[in-house]
Amino acid sequence: MSLRIDVLTLFPEAVSQYATTSVLGRAQERGVWQLHVHDIRDASDDPHRTVDDTPFGGGAGMVLLGEPILRTVESDPGMARPLIALTPSGRTFSHDVALELSHLEGFSLLCGRYEGIDQRALDLVVDEELSLGDFVLAGGELAALCVIESVVRLRPGGLGNDESTLQESFGDGLLEYPHYTRPAQLRGLNVPEILRSGDHARILRWRRAQSLLRTMALRPDLMERRGGLSAHEQAILDEFPALDETGQNG
Ligand code: ADE
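Residues numbered from 1 in each chain as written. Predicted model: local features only at pLDDT ≥ 70, side-chain atom pairs only at ≥ 80, totals over all residues. Heavy atoms only, no water.

(A) Local environment of the site of the ligand. Neighbouring the ligand are Leu86, Thr87, Pro88, Leu130, Ser131, Leu132, Gly133, Phe135, Val136, Leu137, Gly139 and Ala143. One nitrogen or oxygen atom from the main chain of Thr87 is found 3.5 Å from a nitrogen atom belonging to the ligand. Contacts to the ligand include Leu137, whose backbone N or O atom sits 2.9 Å from a nitrogen atom. Contact with the protein chains covers 96% of the free accessible surface of the ligand, which is 260 Å². If you list the elements that add at least two residues to the shell around the ligand, you get strand 5 (83-92) and strand 8 (128-131). The leading source of residues in the shell around the ligand is strand 5, at three residues. In the shell around the ligand, the residues fall into eight nonpolar, four polar and no charged. (Near = heavy atom within 4 Å. Polar contact = N/O pair within 3.5 Å; in protein donor to acceptor, adjacent residues only side chain to side chain. Areas by Shrake-Rupley, 256 points an atom, 1.4 Å probe, with all protein chains shown as cover. Helix = DSSP H or I, 4+ residues; strand = E, 2+ residues; numbered from the N terminus. Nonpolar A, V, L, I, M, F, W, Y, C, P; charged D, E, K, R; others polar.)

Right under this line is the structure:
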């Protein structure tokens, strides 16, 4: 079943263009997902296609009008639900949220611009708000594309091969192990010897050790969330202790 994603935006070209490039574009061609972009400006009833106005109560910046958003939603009865607005006040987006969305038949993303969206439009038609994190973007388009890319790559066939998402960062609550490709020596730095040993079981354990070491060093919060180390993981770390200064431990 193809995933349907609707995007409501003031910059339809920016969204369509990125979504037809690279992984997302190929996944659309394979029917993994389909994009429906709606230009909020098309729903403006004003000859100048105005979609913003000054805030009641005063203050800096402009607010996205409610009416064009409501009309855009009403213009397409097939628009996917839930309708999610990208705003800095939403629930923080994460791999777990991406997984949740990847199991749906579809969803819609409303991209804000200016200082904010008229609260009544959010109250009337938006099911949820998502934020990429504690920083403020000029609009929701980049955030929507981040959500789309992280969700589509989790769908079956989203990457062209289903194995790639299984071992990557966050899939099992850990950061990813380091990757190497040719040449075996780059500017004096060698690929860890073990990766050229052909001993695949040992390579798997080494990679696991690297994931654990990285996560413990860089993201102790993730380590805590997954409840620390299992006995099996402790045994792997005993086999492959921390990296030495040359970056070797295998
Ligand atoms: N729009 C503006 N800032 C945002 C953020 N941090 N996350 C999602 N959408 C946004």
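(B) Inspection of the environment of Gly66 at higher detail. With respect to the element layout, Gly66 can be found in helix 3 (residues 66-74). Judged by its relative accessible area of 12%, Gly66 falls in the buried class. Distance in space between the C-alpha atoms of Gly66 and Met216 is 46 Å, their sequence separation being 150 residues. Excluding its chain neighbours within four sequence positions, the residues that come into contact with Gly66 are Asp118 and Ala121. (Buried < 20%, exposed > 50% of the residue type's maximum accessible area, 1.4 Å probe, protein only. Contact = heavy atoms within 4.5 Å.)

(C) Representation of the pattern of salt bridges. Tallying each qualifying case throughout the model produces 17 salt bridges. In this structure, Arg91 engages Glu128 in a salt bridge whose closest nitrogen and oxygen atoms are separated by 2.6 Å. With Arg91 in strand 5 and Glu128 in strand 8, this residue pair connects regions lying 37 residues apart in the sequence. Taking relative accessible area as the criterion, Arg91 reaches 35% and is therefore assigned partly exposed. Arg226 serves as the salt-bridge partner of Glu233, at 2.8 Å between the closest nitrogen and oxygen. A relative accessible area of 7% means that Glu233 is categorised as buried. A residue is classified by how much of its surface remains accessible, and Arg226, at 26% relative accessible area, is partly exposed. Salt bridges here are not isolated pairs; linked through shared partners, they connect Asp172, Arg208, Arg226 and Glu233. (Salt bridge = Lys/Arg side-chain N within 4 Å of Asp/Glu carboxyl O.)

(D) Summary view of the sheet that holds strand 4 (residues 63-64). Across the sheet, three strands lie side by side as 3-4-7; this open sheet has mixed pairing. Strands at the two margins of the open sheet, each flanked by one partner only, are strand 3 (52-53) and strand 7 (116-117). Here two bridges tie strand 3 to strand 4, and the two strands are oriented antiparallel to one another. When the sheet's bridge partners are listed, Asp53 is paired in strand 4 with Val63. (Pairing = 2+ DSSP bridges.)

(E) A look at the packing of helix 7 (residues 200-218) against helix 9 (residues 231-239). Following both chains from N to C, one finds helix 7 and helix 9 inclined at 100°, their axes separated by 9 Å at the closest point. On the basis of their axis angle, the class for helix 7 and helix 9 is roughly perpendicular. Within the contact between the two elements, helix 7 uses Arg202, Arg205, Arg208, Ala209, Leu212, Leu213 and Met216 and helix 9 uses Glu233, Ile236, Leu237 and Glu239. Class assignment of the residues belonging to the contact of helix 7 with helix 9 gives a composition of six nonpolar, no polar and five charged. (Axes fitted to C-alpha atoms, helices over the stretch in contact; angles between N-to-C directions. Parallel < 35°, antiparallel > 145°, perpendicular 65-115°, else oblique.)

(F) The pairing of strand 1 (residues 3-9), seen in detail. With seven of seven residues buried, strand 1 lies mostly within the body of the structure. Relative to strand 2 (residues 33-39), strand 1 is paired through seven bridges, and the arrangement is parallel. Among the inter-strand pairings, Val7 is bridged to a residue of strand 2, identified as Val37. With five bridges connecting them, strand 1 and strand 6 (residues 106-111) associate as parallel partners. The partner of Arg4 across the bridge, within strand 6, is Gly106.

(G) Region of interest: the nonpolar core. Residues Ile5, Trp33, Leu101, Phe107, Leu109 and Val152 are the most contacted members of the largest nonpolar core, which totals 28 residues. When residues of this core are traced back to their parent elements, those giving at least two are strand 1, helix 1 (12-19), helix 2 (22-29), strand 2, strand 5, helix 4 (95-102), strand 6 and helix 6 (141-152). Considering each element in turn, this core owes the most residues, seven residues, to helix 6. The contact partners of Leu101, leaving out residues within four places of it in the chain, are Leu3, Ile84, Phe93, Phe107, Leu130, Val147 and Val151. Core analysis: the next-biggest nonpolar cluster, separate from the first, contains 17 residues, Ile40, Val51, Leu64 and Ala85 among them. (Core = buried A, V, L, I, M, F, W, Y, C linked by side-chain atoms within 4.5 Å.)

None of this, on its own, says anything about what the molecule does.
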